[in-house]
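The residues making up each chain are set out below.
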Amino acid sequence: MSDKYVRQDLNVFGMTCAACSTRIEKSLNKAEGVEKANVNLVTENAAVYYDPEVTSTEDLIKVVKHAGYDAAEKMSKEEKDAVLEKNFKKEVRRFILSAVLSLPLLLTMVTHIPYIHEMAFAETIANWINPTIQLVLATIVQFYIGWRFYDGAYKALRGKSANMDVLVALGTSAAYFYSVVEYIRHMIDPSVMPHYYFETSAVLITLILLGKLLESYATSRTTESIAGLLELQAKEATVIREGKEWLVPVDSLKIGDIILVRPGEKVPMDAEIISGETSIDEAMITGEPVPVEKKPGDSVIGATINFDGAFQAKITKRMEETVLESIIRLVEEAQGIKAPIQRLADKISGIFVPIVLGIAALTFIIWYLVTGTMDGSLEAAIAVLVIACPCALGLATPTAIMAGTGKGAESGILFKGGEHLERTSKVDTIVFDKTGTLTEGKLEVSDKKATSNQFFPYLFLMEQQSEHPIAKAIIKMLTSDNMDVSSIKQGKIRAKAGHGMTGTLDEKKVELGAYRYVSSITSIPKEEDDLIASWMNAGKTVVAMAIDGVYAGALALSDTPRPEAKEAIQKLKAQGIKTAICSGDQSVVVENMAKDLGTDMFFAEQLPNDKSALVEKLQQEGHIVAFVGDGINDAPALAASDIGISIGTGTDIAIETGDVTLVSHRLTLIPETIELSRATMRNIRQNFFWALAYNCAGIPIAALGLLAPWVAGLAMAFSSVSVVTNALRLKRYKFKS
């Protein structure tokens, strides 16, 4: 997408089914200056990418309102909750009124049952709730309480589409107006025996309102993961200004402020410790159960809990840039981006309503031709209209996507969108970067042997001049030995590109570097050579030294695999996924690690471009490839892969890189990512099956006259609730690991 397009989130109110969200989406996508728009029925949110030089937020809101819905710039959670609560209470009052008015009409329907019709109280009810009373009660329900369906149907038809409101308005109007005609006929000629369906229209509206209330309550639970993340944030912070402590709201803090965090308190914002030592419980962000030791210079993450020591820290990020805010933003965006399977559902919903209208009309005509009566024909047609509402179909995907991404966020797995969640379920090959991904990323000296007393002092002085990771690891080891090098006379020391270093110490020429380089300038005793060979065969990196052309000693360094790396690979294999290591390291090192971890393939001495070429080669062979890396050095391969999985830890997390971001560096999150995506897609398919099976089975049953309209209304309402309830099972999903 071009840089000229910006994203604008809108809150959209008034949607009742997938056809509504589809119509708004079409209207926005047709608007001038709009590149792309996604409308989420469940979150009532529209994500619009537009050119601010061509259109504006106000224009986008006008487009939504012209389509027949209300819209506003994205509100804060508190503002939106207030609006939703107000609307929910209004709908509850409307439902209660509708139920009270419909109950007498329902009683008249009960008295029509043959056995009950003969009882004494049936006549009393019939006299009390006479046709005039029925007309008054039904009229209030039809046009006051049910006006929303007429309004929605009009706006849908004006927009050249049809939705649930069209079906409900047609079905209830048919029953109501037929009853009105019967009432008028009876008033004109009392000898005419009328057939009233006032209870059908009123009870249908009441049941549909009940279904929408239950649906609203159930779908609101799919957003609990976002609410839970928001609750993690600290509300207040102790800030130090002019030597005094002040308790202030967290959102008033700015970069550079000094905060005091006491034991048991939440860290208010991302910051850097300037004094004090402690341990921090980062489990709510990274999923790591063990508190992390922190000292001056270390970073701390907002919303984590200070465990056992007070410390002062300097704020390093604005509220909107913190790790937690980035996670919340990513989850919100993911829930607004549709999976391909959801677009299929929207397409089906868009053509489903017109087809149902045709079936209902055909049902009425056939029944009337066969029976010659309006009664059965009307009931069958109304039942078809009502039971065919595609609400469950429209909710099948977004509710599951929201529940799945929410569960992922709680577990430290951040999907960038529904499409990435869907594609992850299809992955059959995972390629891992080695250094820093499968390994700790920190070289440590594992073996050493000197044949000269000058080896370690000279090694210390030479490596002090280098910034190479190998040099840092060696200096760390030698510093712990408290080595005294003050008496050594230093000469010039310089790097020798591709080989190592060379210099003069105590007027002696010192050569330091890789085994190949040192072995080319001096003869290494066989015993020492065999020892070095054993180190190299074990996949270790060797540094050797020669002093005035004489071999002086060597040491070996290794980057050990992460403790859970082997377990993660085994779990992926159990899921039927092929695994590979791709590294710039030498072949023997990568091969040894591949054997140790049990990967299917390994690729050594790979440059960044080689890694992306490898991914493309595997794709050409027909594989769906995920690449796992740190999100920075592996950017080309992450971009080339079908799914880029970016691993991050703490404040270094690469939120914006890859399609899936793992907050923690716990490698077992990778098989959990595959497992969760597959479980979510399985849930969506289950929802699709039940939604479509319900409609496919319900329509012919209704068309055959075997389903009363009010029963069809009840079934339609609970089909939506059942789909949402099934999706909510993902929130309680337990990983097999």
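The numbering scheme is per chain: residues are counted from 1 as the chain's sequence reads. Per-residue local features of the predicted model are confined to residues with pLDDT of at least 70, and side-chain atom pairs are confined, for both listing and counting, to 80 or more; whole-chain, interface and lining totals are unaffected and use all residues. Calculated side-chain values reflect all of the structure's heavy atoms, with hydrogen atoms and water omitted.

### Looking at the nonpolar core
Alright, step 1. By convention a nonpolar core is built from buried Ala, Val, Leu, Ile, Met, Phe, Trp, Tyr and Cys residues, the set being connected through side-chain atoms within 4.5 Å. Three exposure classes are used, based on accessible area relative to the maximum for each residue type with a 1.4 Å probe and protein chains only: buried under 20%, partly exposed in between, and exposed over 50%. Within the largest apolar cluster, 72 residues are counted, with the highest numbers of intra-cluster contacts made by Leu 28, Val 48, Ile 430 and Ile 670.
Alright, step 2. Strands are runs of DSSP state E lasting at least 2 residues, helices are runs of H or I lasting at least 4, and numbering of each runs from the N terminus. Considering every element that reaches this core, the biggest residue donor is helix α26 (residues 669–703), with nine residues.
Alright, step 3. Residue ranges labeled as domains rest on an automatic or database domain assignment. Residues lining this core come from more than one domain, with at least three contributed by each of domain 1 (6–61) and domain 3 (413–439 + 562–679).
Alright, step 4. Listed in part, the 45 residues of the second largest apolar core include Val 141, Leu 204, Ala 712 and Met 716.

### Overview of helix α14 (residues 374–387)
The α-helix advances 3.6 residues per turn, and as a result positions three or four apart in sequence lie on the same side.
Alright, step 1. The span expected for a helix works out to 1.5 Å for each residue beyond the first. Between the first and last C-alpha of α14 there are 20 Å, a value that for 14 residues agrees with the 20 Å anticipated at 1.5 Å per step.
Alright, step 2. In terms of residue burial, α14 counts as a mostly covered element, since 11 of its 14 residues are buried.
Alright, step 3. Those residues of α14 lying buried are Asp 375, Ser 377, Leu 378, Ala 380, Ala 381, Ile 382, Ala 383, Val 384, Leu 385, Val 386 and Ile 387.

### Structural notes on the pairing of strand β3 (residues 45–50)
Alright, step 1. With six of six residues buried, β3 is to be regarded as a mostly interior element.
Alright, step 2. Burial along β3 is two-sided: Asn 45, Ala 47 and Tyr 49 and Ala 46, Val 48 and Tyr 50, pointing in opposite directions, are all buried.
Alright, step 3. The pairing of strand β1 (residues 6–13) with β3 spans six bridges and is antiparallel. Its bridge partner being in β3, Arg 7 is matched across the sheet by Tyr 49.
Alright, step 4. Where strand β2 (residues 34–40) folds back on β3, the antiparallel hairpin that results is connected by four residues, among which Glu 44 adopts a positive phi of roughly 55 degrees. Note on pairing: DSSP must find at least two bridges between two strands before they are called paired.

### Examining the UniProt feature "transmembrane region" (unreviewed entry) in the chain
Alright, step 1. UniProt positions are given in the numbering used here, feature names are shortened, and annotations may be inferred rather than shown by experiment. Residues annotated in UniProt with the feature "transmembrane region" (unreviewed entry) correspond here to residues 95–116, 128–150, 162–184, 196–214, 348–370, 382–403 and 687–704.
Alright, step 2. Helix makes up 94% of residues 687–704 and strand 0%. Its end C-alpha atoms lie 26 Å apart.

### With respect to empty space enclosed by the protein
Empty pockets left among the atoms are what a rolling probe the size of a water molecule brings to light.
Alright, step 1. Points on a 1 Å grid, built from protein atoms alone, make a cavity when a 1.4 Å probe fits but cannot get out and make a pocket when they are open with protein on both sides within 12 Å along at least 5 of 7 lines; residues with an atom within 4 Å of a point are the lining residues. Grid points are joined across faces, edges and corners, and a volume is the space filled by probe spheres set on the points. Taken as a whole and judged by the stated rule, the model has two cavities of 30 Å³ or more.
Alright, step 2. Reported here for the largest cavity is a volume of approximately 70 Å³.
Alright, step 3. If you trace the largest cavity, you find it lined by Gln 233, Ala 234, Val 250, Pro 268, Met 269, Gly 302, Ala 303, Met 319, Thr 322 and Leu 324.

### Section: the packing of helix α8 (residues 164–188) against α14
Alright, step 1. Orientation is described by axes fitted as lines to C-alpha atoms, over the contacting stretch for helices, and by angles from 0 to 180 degrees between their N-to-C directions. As a packed pair, α8 and α14 sit with axes 8 Å apart at the nearest point and diverge in direction by 160 degrees. Judged by the inter-axis angle, α8 sits roughly antiparallel to α14. The two elements α8 and α14 meet at a crossing, and its hand is left-handed. Contacts between α8 and α14 pair Leu 167, Leu 170, Gly 171, Ala 174, Ala 175 and Tyr 178 from the former with Met 374, Asp 375, Leu 378, Ile 382 and Leu 385 from the latter.
Alright, step 2. Here the residues of the contact of α8 with α14 are counted per class, giving nine nonpolar, one polar and one charged. The cut-offs work like this: below 35 degrees is roughly parallel, past 145 is roughly antiparallel, 65 to 115 is roughly perpendicular, and the gaps in between are oblique. Should the near helix be turned anticlockwise from the far one by less than a right angle, the crossing is left-handed, and should it be turned clockwise, the crossing is right-handed. Throughout, a contact is declared for two residues whenever any of their heavy atoms are within 4.5 Å. Residues are grouped as follows: Ala, Val, Leu, Ile, Met, Phe, Trp, Tyr, Cys and Pro are nonpolar; Asp, Glu, Lys and Arg are charged; every other residue, Gly included, is polar.

### Focus: the pattern of salt bridges
Pairing is possible between side chains of opposite charge, provided their charged atoms come close.
Alright, step 1. Throughout this description, the term salt bridge denotes a Lys or Arg side-chain nitrogen within 4 Å of a carboxyl oxygen of Asp or Glu. A full pass over the atoms with the stated rule returns 22 salt bridges.
Alright, step 2. A salt bridge links Arg 7 to Asp 9; the shortest N-O distance between them is 2.9 Å.
Alright, step 3. Note on Arg 7: relative accessible area 23%, which makes it partly exposed.
Alright, step 4. For Glu 528, the salt bridge goes to Lys 449, with nearest N and O atoms at 3.1 Å. With Glu 528 in helix α21 (residues 526–537) and Lys 449 in strand β16 (residues 444–450), this pair connects stretches of sequence that are 79 residues apart.
Alright, step 5. On the basis of relative accessible area, Glu 528 is assigned to the buried category, the value being 7%.
Alright, step 6. Connected through salt bridges with shared partners, the residues Arg 241, Lys 254 and Asp 257 form a single ionic network.

### Observations regarding unusual backbone geometry
Alright, step 1. A positive phi angle, close to 85 degrees, is found at Ala 303, a residue other than glycine.
Alright, step 2. Mapping Ala 303 onto the fold places it in the loop between β11 (299–300) and β12 (305–306).
Alright, step 3. Despite not being glycine, Glu 507 shows a phi value in the positive range, around 60 degrees.
Alright, step 4. Structurally, the position occupied by Glu 507 is in the loop between β18 (500–505) and β19 (508–514).

### What to know about the environment of Lys 65
Alright, step 1. Among the secondary structure elements, Lys 65 is positioned in helix α2 (residues 57–66).
Alright, step 2. Linking Lys 65 and Phe 13, residues 52 residues apart in sequence, is a C-alpha distance of 9.8 Å.

### Comments concerning the pairing of strand β9 (residues 278–281)
Alright, step 1. Here β9 pairs with strand β10 (residues 292–294) via three bridges, running antiparallel. Residue pairing across strands places Ser 279 opposite Glu 293, the latter belonging to β10.
Alright, step 2. When β9 meets β12, the two strands line up antiparallel, connected through two bridges. The residue bridging Ile 280 from the neighbouring strand is Asn 306, located in β12.

### Things to note about the sheet that holds β2
Alright, step 1. The strand order β2-β3-β1-β4 describes an open sheet built from four strands, whose pairing is antiparallel. Because the sheet does not close on itself, it has two edges, and the strands there are β2 and β4 (70–73). For this sheet, the mean angle separating the axes of adjacent strands, direction not counted, is 25 degrees.
Alright, step 2. This element, α2, spans β1, β2, β3 and β4 of the sheet and lies at about 165 degrees to β4.

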